[in-house]
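Close look at the chain arrangement
The chain contents come next:
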Amino acid sequence: MNSFSYTRASDVSSAVHAVTSEPGAMFIAGGTNLIDLMKENVARPPHLVDITHLPLNRIEELADGGLRLGALVTNTDTAYNAAVERRYPILSRAILAGASPQLRNMATNGGNLLQRTRCYYFYDTSTPCNKRDPGVGCSAINGFNRIHAILGTSDQCIAVHPSDMCVALVALDAVVRVTGKEGDRAIPFADFHRLPGDTPQVDTNLRPGDIITSIDLPRKGFAEHYAYLKVRDRTSYAFALVSVAAALEMDGDTITETRLALGGVAHKPWRNVDAEAMLNGIKATKDHFEAVGEAIVRGAKGFGHNMFKIDLARRAVVRALQHAARGARTGRSA
Ligand SMILES: Cc1cc2nc3c(=O)[nH]c(=O)nc-3n(C[C@H](O)[C@H](O)[C@H](O)COP(=O)(O)OP(=O)(O)OC[C@H]3O[C@@H](n4cnc5c(N)ncnc54)[C@H](O)[C@@H]3O)c2cc1C
Ligand code: SF4
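Residues numbered from 1 in each chain as written. Chains lettered and ligands numbered in written order. Predicted model: local features only at pLDDT ≥ 70, side-chain atom pairs only at ≥ 80, totals over all residues. Heavy atoms only, no water.

Some words on the sheet that holds strand 6 (residues 175–180)
One open sheet holds the five strands; their spatial order is 4-5-8-6-7, and the pairing between them is antiparallel. Of all the strands in the sheet, just strand 4 (59–61) and strand 7 (183–188) have a single pairing partner and so form its edges. Adjacent strand axes in the sheet meet at a mean angle of 25°, parallel and antiparallel pairs treated alike. Pairing between strand 6 and strand 8 (residues 211–217): five bridges, direction antiparallel. Paired with Val175 across the bridge in strand 8 is Asp216. Lying on the sheet, helix 1 (residues 12–21) is in contact with strand 6 and strand 8; it crosses strand 8 at an angle near 130°. (Pairing = 2+ DSSP bridges. Helix = DSSP H or I, 4+ residues; strand = E, 2+ residues; numbered from the N terminus. Axes fitted to C-alpha atoms, helices over the stretch in contact; angles between N-to-C directions. Contact = heavy atoms within 4.5 Å.)

Spelled out as structure tokens, the structure:
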């Protein structure tokens, strides 16, 4: 048994102080990922700093017309918030496509961003895993890698980031607000998560001790033309094999702006702005969407069991864009 100590923080600065005072200490929010990792002996924090009583549990309007999602608002309260549903329906759809109602009731927005990969070997401490123990090797590259990445991989790690919410957030150009030892800063969502490279143990660009305080959504929510498509083994309570967040601005049947992000394919929510730009100023046709699908998987690499994802991703992009182009009433999660 691993023993650990526990404190409950009452304000943000004391939370940062508490977590930086003891090496290896971690924040705990809803606990839906961290407790599992502790039970499996993958995470062994000597000290837990409970942040659930911090005043980060509100959704607030921003002066620029955007919306601030507190880091401790639950995934359920975020998905069903009236402003989120009306102005950022792609985010509601993405959240509700994830986990189960019970989990979403506990899971927080900050925790969702920092959930760890679902790579089987990462959770199995009897197998080598560079993310768990840097330098020991990756069991997935030549192992059972059906759920693994096809884009942005390295010879150290081919894990994927499992979140649905994050796929919508990167498409929306959200900004993550954090407080750390050196004060507050803002991280564009596209720069928040990392590719594995030579340091697969590092998932994000947070610094030690940083606490996420909010996720800020810009004014533009693409509420008219959007889709969140999640392809998975079961229609509920399963992580994405491939997911696509597609958002369009349209003038008649001409596309004026495109946002496209994929989940289940890379170590971070995957966005390809060059592929997005291919659609701007042209008609929303299947041929054009197919060209974008091809562009997104160009350079994709399978590792055996996950080869099917390359074609799946290409086709999911086309289907999501078709849903989005048809308009809000059909821009559903699936
Ligand atoms: C069976 C199961 C199925 C799931 N299915 C899906 C799915 O389909 N799609 C999906 O997207 N997710 C899914 N999830 C994941 C779930 O959404 C996450 O576990 C949850 O969002 C994590 O939030 P939490 O508040 O419980 O985080 P915790 O478990 O409390 O913390 C997770 C990590 O975040 C850190 N942390 C938490 N809050 C902060 C903060 N404010 N600042 C800094 N660090 C912080 C903790 O230190 C820890 O490292 C599933 C989970 C389970 C258990
Ligand atoms: S893919 Fe990454 S998480 Fe999975 S075994 Fe390899 S190093 Fe570990």
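Digging into the environment of Asn130
The topology assignment puts Asn130 in the loop between helix 8 (120–123) and helix 9 (165–171). Expressed as a C-alpha distance, the spacing of Asn130 and Asn57, which sit 73 residues apart in the sequence, is 35 Å. The residues contacting Asn130, other than those within four sequence positions of it, are Gly135, Val136, Gly137, Cys138, Gln156, Pro200 and Gln201. One polar contact links the side chain of Asn130 to the main-chain amide nitrogen of Val136, over a distance of 3.1 Å. One polar contact links the side chain of Asn130 to the main-chain amide nitrogen of Gly137, over a distance of 2.7 Å. (Polar contact = N/O pair within 3.5 Å; in protein donor to acceptor, adjacent residues only side chain to side chain.)

Quick look at helix 12 (residues 308–326)
An ideal rise of 1.5 Å per residue puts 27 Å on 19 residues; helix 12 measures up with 27 Å between its terminal C-alpha atoms. Each element contacted by the buried residues of helix 12 is listed here: strand 9 (226–231), strand 10 (242–251), strand 11 (254–263) and helix 11 (286–297). One or two steps after helix 12, the chain reaches Gly327, where phi turns positive at roughly 115°. (Expected span 1.5 Å × (residues − 1).)

A short note on the site of ligand 1
Within the structure, ligand 1 sits among 34 residues, and Phe27, Gly31, Thr32, Thr108 and Asp164 are positioned closest to it. Backbone polar atom of Asn33 to an oxygen atom of ligand 1: 2.9 Å apart, as the coordinates give it. Contact distances for ligand 1 include 2.7 Å between an oxygen atom and a side-chain N or O atom of Thr108. Across the complex, the protein chains shield 93% of the 980 Å² of accessible surface that ligand 1 would expose by itself. Among the elements of the structure, strand 2 (26–28), helix 2 (34–39), helix 7 (109–114) and strand 8 are those that each provide at least two residues to the shell around ligand 1. Per-element tally for the shell around ligand 1: the top contributor is helix 7, with four residues. Classifying every residue of the shell around ligand 1 gives 17 nonpolar, 12 polar and five charged. (Near = heavy atom within 4 Å. Areas by Shrake-Rupley, 256 points an atom, 1.4 Å probe, with all protein chains shown as cover. Nonpolar A, V, L, I, M, F, W, Y, C, P; charged D, E, K, R; others polar.)

Quick look at the packing of helix 11 against helix 12
Axis separation between helix 11 and helix 12 bottoms out at 8 Å; the angle between their running directions is 140°. For the element pair helix 11 and helix 12, the recorded crossing hand is right-handed. The residues of helix 12 that touch helix 11, namely those facing Lys286, Phe289, Glu290, Val292, Gly293, Glu294, Ile296 and Val297, are Ile310, Ala313, Arg314, Val317, Val318, Leu321, Gln322 and Ala325. Partitioning the contact of helix 11 with helix 12 into residue classes produces 10 nonpolar, two polar and four charged. (Left-handed = near helix turned anticlockwise from the far one by under 90°.)

Focus on unusual backbone geometry
For Asn41, which is not glycine, the phi torsion reads 70° and is therefore positive. You can see Asn41 is positioned in the loop between helix 2 and strand 3 (47–50). Positive phi, close to 55°, is recorded for Ala99, a residue that is not glycine. With respect to the element layout, Ala99 can be found in the loop between helix 5 (89–96) and helix 6 (101–106).

A word on the site of ligand 2
By nearness alone, 14 residues border ligand 2, and Cys119, Cys129, Cys138, Cys157 and Ile158 come closest of all. Partitioned by chemical class, the residues of the shell around ligand 2 number nine nonpolar, four polar and one charged.

Description of the sheet that holds strand 2
With parallel pairing, the three strands of this open sheet are ordered in space as 1-3-2. Strands at the two margins of the open sheet, each flanked by one partner only, are strand 1 (5–8) and strand 2. Pairs of neighbouring strands in the sheet enclose a mean axial angle of 30°, with direction left out of account. With three bridges connecting them, strand 2 and strand 3 associate as parallel partners. Bridging from a neighbouring strand, Met26 pairs with Leu48 of strand 3.

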